[in-house]
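Listed here are the chains, written in short residue letters.
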Amino acid sequence: QVQLVESGGGLVQPGGSLRLSCAASGTSLTANAMGWYRQAPGKQRELVATITNTGSTRYADSVKGRFTISRDNAKNTAYLQMNSLKPEDTAVYYCKGTYITRWTDDYWGQGTQVTVSS
């Protein structure tokens, strides 16, 4: 089974930056797509950014121009570079990997806390 582990969260001041990592293990397959989601207090979990195995990316309007998703297939790792952070970015950030063989399987990481506060 696939395991995803997020890291890189923490406390940062408004305007600062963080880089999240998501390491996949337990499979020789490359994820067809990987995505970052977040859930803030009192809100539903929402999609932040996705990247396909061909490098196509998509972002939520709220993070366009500030966040960048990338992946290193050789290391089975996805990244989320977050710049110009705002207090409203505070949330638990989750990584999802989608694997398509004869069917589609989604796997989730445990989440990492990002807190933006002055």
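The structure this text deals with has already been given above.
Sequence order as written defines the numbering, with residues in each chain counted from 1. For a predicted model such as this one, the threshold for reporting local features is a pLDDT of at least 70, and the threshold for listing and counting side-chain atom pairs is 80 or more; totals across whole chains, interfaces and linings nevertheless cover every residue. Hydrogen atoms and water are omitted, and side-chain values are computed over all heavy atoms in the structure.

Quick look at the environment of T115 now. Runs of E in the DSSP output that reach at least two residues are strands. Runs of H or I that reach at least four are helices, and both are numbered from the N terminus. Checked against the element boundaries, T115 lands in strand β11 (residues 112-116). Side-chain polar atoms of T115 contact the side chain of Q113, separated by 3.3 Å. Side-chain atoms alone can form a polar contact between residues adjacent in sequence; in general such a contact is a pair of N or O atoms within 3.5 Å, and within protein one must be able to donate a hydrogen while the other accepts it.

Here the focus is the sheet that holds strand β7 (residues 67-72). Strand pairing is assigned whenever DSSP identifies at least 2 bridges connecting the two strands. Read from one edge to the other, the open sheet built from 4 strands follows the order β1-β3-β8-β7, with strand pairing classed as antiparallel. Looking at which strands have only one partner, the edges of the open sheet turn out to be β1 (3-7) and β7. The mean angle between the axes of side-by-side strands here comes to 15°, regardless of whether they run parallel or antiparallel. Note that β7 and strand β8 (residues 77-82) share 6 bridges and pair antiparallel. Looking at β8, one finds that F67 is bridged to M82. Axes, fitted as lines to C-alpha atoms, cover a helix only where it is in contact. Angles between the N-to-C directions of the axes lie from 0 to 180 degrees.

Turning to the side chain of T98, a few remarks are in order. Of note, T98 is situated in strand β9 (residues 91-100). Using a 1.4 Å probe on the protein chains alone, a residue whose accessible area is under 20% of its type maximum counts as buried, one over 50% counts as exposed, and one in between counts as partly exposed. Note on T98: relative accessible area 14%, which makes it buried. Looking at T98, its side chain comes within polar contact range of the side chain of D106, at 2.8 Å. T98 has contacts with A31, N32, A33, T104, D105 and D106, leaving out every residue within four places of it along the chain. We call two residues in contact when some of their heavy atoms are within 4.5 Å.

Turning our attention to empty space enclosed by the protein. Lining residues are defined by having an atom within 4 Å of a point belonging to a cavity or pocket. Those points lie on a 1 Å grid over the protein atoms alone, cavities being sets where a 1.4 Å probe fits but cannot get out and pockets being open sets with protein on both sides within 12 Å along at least five of seven lines. Grid points are joined across faces, edges and corners, and a volume is the space filled by probe spheres set on the points. Scanning the model with the defined rule gives 1 cavity of 30 Å³ or more in all. Estimated volume of the largest cavity: approximately 60 Å³. Lining the largest cavity are A24, L29, T30, A31, M34, R71, D72, N73, N76, T77, A78 and Y99. Of all the secondary structure elements, the ones that give two or more residues to the lining of the largest cavity are β7 and β8. Charged means Asp, Glu, Lys or Arg here, nonpolar means Ala, Val, Leu, Ile, Met, Phe, Trp, Tyr, Cys or Pro, and polar covers whatever is left, Gly included. Across the lining of the largest cavity, the residue classes break down as 6 nonpolar, 4 polar and 2 charged.

Our focus in this paragraph is unusual backbone geometry. A positive phi angle is found at N76, which is not glycine, with a value near 50°. Within the element layout of this structure, N76 appears in the loop between β7 and β8.

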